Amino acid sequence: MSRRRVVVTGMGMVTPHGPDLPAFWRKCVEGRSSVSRNDLFTIPDHISQAVGMVRGFEPASLDIYDNSQTDDRALLFGVSAMREALTDAGLFKNGLVDGSSGGVDPHRCALHLSSAVGQISSMERHFCRQTDAGRNGLKPSRQQLPGSNPFRFGSLSTELGSRFGLGGFKMLIPTGCAGGMDAMASAIYAIRRGHADVVVAGAAEAPITPLVVAAFDRIGATSKRNHEPECASRPFDRDRDGFVLGEGGGILVLEDLDHALARGARIHAELTGIGSVNNYTHMTDIPETGWSIALSTEWALRDAGIAPDRIDFINAHGSSTPQNDTAETNAFYSVFGERAATIPVTSIKSQIGHSLAASNAIEVISSVLAIRDDILPPTINLKHQDERCRLDVVANTARRRRVDCILKTSSGFSGIHSSMIIQRYTEH
Amino acid sequence: MAPDNTCVISGIGLVCSLGNSLNDVVDRVAQRRAAIGSRPLFTDGVPVEPLCTVDDDAIPHRMTKRQLKKLDRFTILAIAAAQDCLEAGRLRVADGKPERIGLFIGNEFGGWRYVEEQISGLYQGDLEAVNPYVATAWFPAAPQGEISILLGIGGTSKTFSAGAVSAGCALDQGLHLVAEGVLEQAVVGGCEAPLSALVLNSATEMESGGDASGRAAYPPGEGAAMLLVERAASATARNAQIHARIDAVALAGSVDRSMAAVLAEAQVRPDAVDLVILSRACGGAIDSEELQAVQDLFGTGLAERVISTKPLYGNATAANMALDLAIGCGFLGRTSPIQEERGQREGGKPIRRVLVNGVDTAGQAVTVLISRWEHT
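Residues numbered from 1 in each chain as written. Chains lettered and ligands numbered in written order. Predicted model: local features only at pLDDT ≥ 70, side-chain atom pairs only at ≥ 80, totals over all residues. Heavy atoms only, no water.

Points about the nonpolar core
Thinking step 1. If you look at the biggest cluster of nonpolar residues, it comprises 218 residues, and the most contacted ones within it are Leu-254 of chain A together with Trp-112 and Ile-370 of chain B.
Thinking step 2. For Ile-370 of chain B, the residues in contact, after removing those within four places along its chain, are Ile-9, Ala-244, Arg-245, Ile-246, Asp-247, Leu-325, Gly-328, Cys-329, Leu-332, Arg-352, Arg-353 and Val-354 of chain B. (Core = buried A, V, L, I, M, F, W, Y, C linked by side-chain atoms within 4.5 Å. Buried < 20%, exposed > 50% of the residue type's maximum accessible area, 1.4 Å probe, protein only. Contact = heavy atoms within 4.5 Å.)

What follows is the structure in structure tokens.
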């Protein structure tokens, strides 16, 4: 029996480029930087001040619920991106998933979400409230407060799902910076196995908080190019010195092909292959040879049933850390041989920073848009390409080119490497 | 699932307030002997009670002090359970292909105990008050990474946060990837160590299910359990002890649907289920609905077949289902725990099939049906 095919029928996002998908894609193709100096809290000069922050986001305009003042920023990003994705898929009506038209059973409509740090702003806010911003010790509380418990990571998905009336299973896959793709992989499995017809999948992340900024700084992961923050994220560049923390959300509506065709949905692309492995070497380091990235890519290609020579574009993890970009390059040579030098490669993180789990959800959407519009968005800030990254990077300016088969890679803490194959939809 | 894809549980490791030996834990559950204590968590130094805690000295983690300094307690518990699980399953990862073994873990709260000690300084203006291990110790996927490194596990591995059904989600994913041939073995389970001042306060302030004073419905608990899942043929080839056959797993928006789905998939009638381990982790309406759904499905004779474990080892949230599955395995072949409690251990009908429920605070549920392994 042939397995069920999984297609993308809806997309939505919130990014530093803007509050929705059109705003993102316009700036992305233009190759603009939305990285700026962090003005949320004071940061010493020797700690990274560059962030990819979502500015001008108006949650009140979402008008589907009335607690935007107390909701965590990650939840708000999720609500906004999910609303856009469901609308795009023709599944949104009056604030809820629309089961009335098109024969969508809400009980077979699931939510697989990811977030590396969950509702961290709210968690830190609770700490500050209970301790007078760290001045007092923690004492037993007897207060009763409204809302869901942000310390529960899973509450991000249950909250989001219930607000849109999704009756299917809701879960969070908090696998760090590979999380968005891992949530999509979980969704693909659920659809292939017949456990769901529609799965809303992706990630939401709002990690620009004192704790997260400090934690990443302490391991030397983030860029210290504070004098020109807009140039701090520079994947594959010789002078890169770490990633830029970002925020945002990316949500996709994934659907069984037959289900999508039956309800006349517009099909944006097909997700044909997934692969994920551990490097079982180090919690944060990536093996320089890139063997583990190569292995996850080979698994994804095998899962898609295609040969490596079908890949005509790579949307890389490209985090702008010295280690990642070299390891990724080595992985591509391992999988594609010398052809790696001629396959166009890009990293969206150069423009908007690294929004942890949400980054790869956003990058998958940018891949689908590349297929739709025959445009490869650029990697900006590439002034002097690292000779250890001998790749055909789409440098600084978008490239017009038809692509049919894209490799998307991602890596995360805990030694996780996940890869995905995204293809132009064809009937056969 | 086709017969040649039959999957079994061939190794178990667990740590909870009831102990770290499966037999001891199952004995204590049968005897209804709870492990409820107290621990000072707040700056006032007053012991918080009731809590179900694991004695520090009773965690078989086999790690050095230096290693422990980098880890939160939820990861230490998970590592201890995973090591025991592989040892019990006679599986030496180094002898096989690391990428053919996966790891699937449920966790809901991450490692706030690790962070709490350092965050005050941070908020007093010292951004360098946090140590370099916070970034890798705090987040829920920390156990997945640390175990993969310690034990050399290289295959597809994931972490799931879905409250009290987190470990059920982990089992579902691991089981399918083994059955589909993507993996040969999967270590699946859950871990939780939420006994920190901040997390406890958040539960008091924001979660229903407790009484008017804000006390939780069940004592907050901690623990971890890991199960080795593989095809029966693979386990028998290694001479591993098979604890149970996994008949079916179902995820659904409500517990009546998940129970119905699991029985339908396994083609088992309700009266063929000998023991039901309730979720009963949320209190209030959610627990009442579960009990009603169980009564509706299993009807008469219910009292003889249903047990609840949270009053004994506490509510260990994401670890609950993994602990209950381990306990369920331990009961297979024994007489009903209710009969045992009455001193009727001998002569009763042995338990052949156990149904384990997990229900989260949103009411969504995972149900697992396991049965006694019988060689054919």
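Some details on the confidence of the model for chain B
Thinking step 1. In the predicted model, chain B carries a mean pLDDT of 92, and the fraction of residues at 70 or more is 94%.
Thinking step 2. With a pTM of 0.97, the predicted complex shows an ipTM of 0.97. (pLDDT = per-residue confidence, 0-100.)

Focus: helix 3 (residues 120-131) of chain A
Along an α-helix, residues three or four positions apart point the same way, because every turn accommodates 3.6 residues.
Thinking step 1. Given a rise of 1.5 Å per residue, twelve residues ought to cover 16 Å, and the 17 Å separating the end C-alpha atoms of helix 3 of chain A matches this to within 8%.
Thinking step 2. The element helix 3 of chain A is largely enclosed, with a buried count of nine among its twelve residues.
Thinking step 3. Along helix 3 of chain A, the residues classified as buried are Ile-120, Ser-122, Met-123, Glu-124, His-126, Phe-127, Cys-128, Gln-130 and Thr-131 of chain A.
Thinking step 4. Lining the buried residues of helix 3 of chain A we find helix 6 (210-218) of chain A together with helix 4 (112-123) and helix 8 (197-206) of chain B.
Thinking step 5. Positive phi shows up at Asp-132 of chain A, right after helix 3 of chain A, with a value of about 55°. (Helix = DSSP H or I, 4+ residues; strand = E, 2+ residues; numbered from the N terminus. Expected span 1.5 Å × (residues − 1).)

Considering the packing of aromatic side chains
Thinking step 1. This model, assessed by the stated rule, comprises eleven aromatic pairs over all chains.
Thinking step 2. Taking 5.2 Å as the distance between ring centres and 65° as the angle between the ring planes, the aromatic pair formed by Phe-57 of chain A and Phe-77 of chain A counts as edge-to-face. Linking Phe-57 of chain A in the loop between strand 3 (50-52) and helix 2 (73-88) with Phe-77 of chain A in helix 2, this pair joins segments that are 20 residues apart in sequence. In terms of burial, Phe-57 of chain A and Phe-77 of chain A fall into one category: buried.
Thinking step 3. For the pair Trp-112 of chain B and Trp-138 of chain B, a centre-to-centre distance of 5.9 Å together with 85° between the ring planes defines the contact as edge-to-face. With a gap of 26 residues between them, Trp-112 of chain B in helix 4 and Trp-138 of chain B in the loop between helix 5 (134-137) and helix 6 (142-151) connect regions that are remote in the sequence.
Thinking step 4. Take Trp-112 of chain B: its relative accessible area is 1%, and that puts it in the buried class.
Thinking step 5. Residue Trp-138 of chain B is classed as buried on the basis of its relative accessible area of 6%.
Thinking step 6. An aromatic cluster is built from Phe-151 and Phe-153 of chain A together with Trp-112 and Trp-138 of chain B, whose rings are joined through pairwise contacts. (Phe/Tyr/Trp six-rings, centres within 6.5 Å; stacked < 30°, edge-to-face > 60°.)

Here's the deal with the interface of chain A and chain B
Thinking step 1. Across the contact, 74 residues belong to chain A and 76 residues belong to chain B.
Thinking step 2. Carbon and sulfur atoms supply 62% of the area buried between chain A and chain B, which totals about 6300 Å² over both sides.
Thinking step 3. For chain A, the biggest contributors to the area lost against chain B are Arg-152, Phe-169 and Tyr-280 of chain A; these three give 12% of the whole.
Thinking step 4. Where chain A touches chain B, the interface holds four salt bridges.
Thinking step 5. Elements supplying a minimum of two residues to the side of chain A that touches chain B: helix 3, helix 4 (155-163), strand 7 (170-172), helix 5 (179-192), helix 6, strand 11 (269-278), helix 8 (291-304) and strand 18 (416-423) of chain A.
Thinking step 6. Tallying contributions element by element places helix 3 of chain A first for the side of chain A that touches chain B, with eight residues.
Thinking step 7. Grouping the amino acids of the side of chain A that touches chain B by side-chain chemistry returns 35 nonpolar, 29 polar and ten charged. (Buried area = accessible area lost by both parts, 1.4 Å probe. Salt bridge = Lys/Arg side-chain N within 4 Å of Asp/Glu carboxyl O. Nonpolar A, V, L, I, M, F, W, Y, C, P; charged D, E, K, R; others polar.)

Examining the sheet that holds strand 9 (residues 275-278) of chain B
Residues and elements named next belong to chain B.
Thinking step 1. With mixed pairing, ten strands are arranged side by side in an open sheet as 5-4-6-7-1-8-12-11-9-10. Both edges of this open sheet fall to strand 5 (157-160) and strand 10 (306-308), since each of them pairs with a single strand only. The sheet shows a mean angle of 25° between the axes of neighbouring strands, direction not considered.
Thinking step 2. The pairing of strand 1 (residues 7-16) with strand 8 (residues 244-252) spans three bridges and is antiparallel. (Pairing = 2+ DSSP bridges. Axes fitted to C-alpha atoms, helices over the stretch in contact; angles between N-to-C directions.)

Structural notes on helix 4 of chain A
Residue and element names in this part refer to chain A.
Thinking step 1. In terms of burial, helix 4 is largely enclosed, as eight of its nine residues are buried.
Thinking step 2. Where the residues of helix 4 are buried, they touch helix 2, strand 5 (96-97), strand 6 (109-114), strand 7 and strand 8 (198-205).
Thinking step 3. Looking one or two places after helix 4, you find Gly-165, whose phi comes out positive at around 70°.

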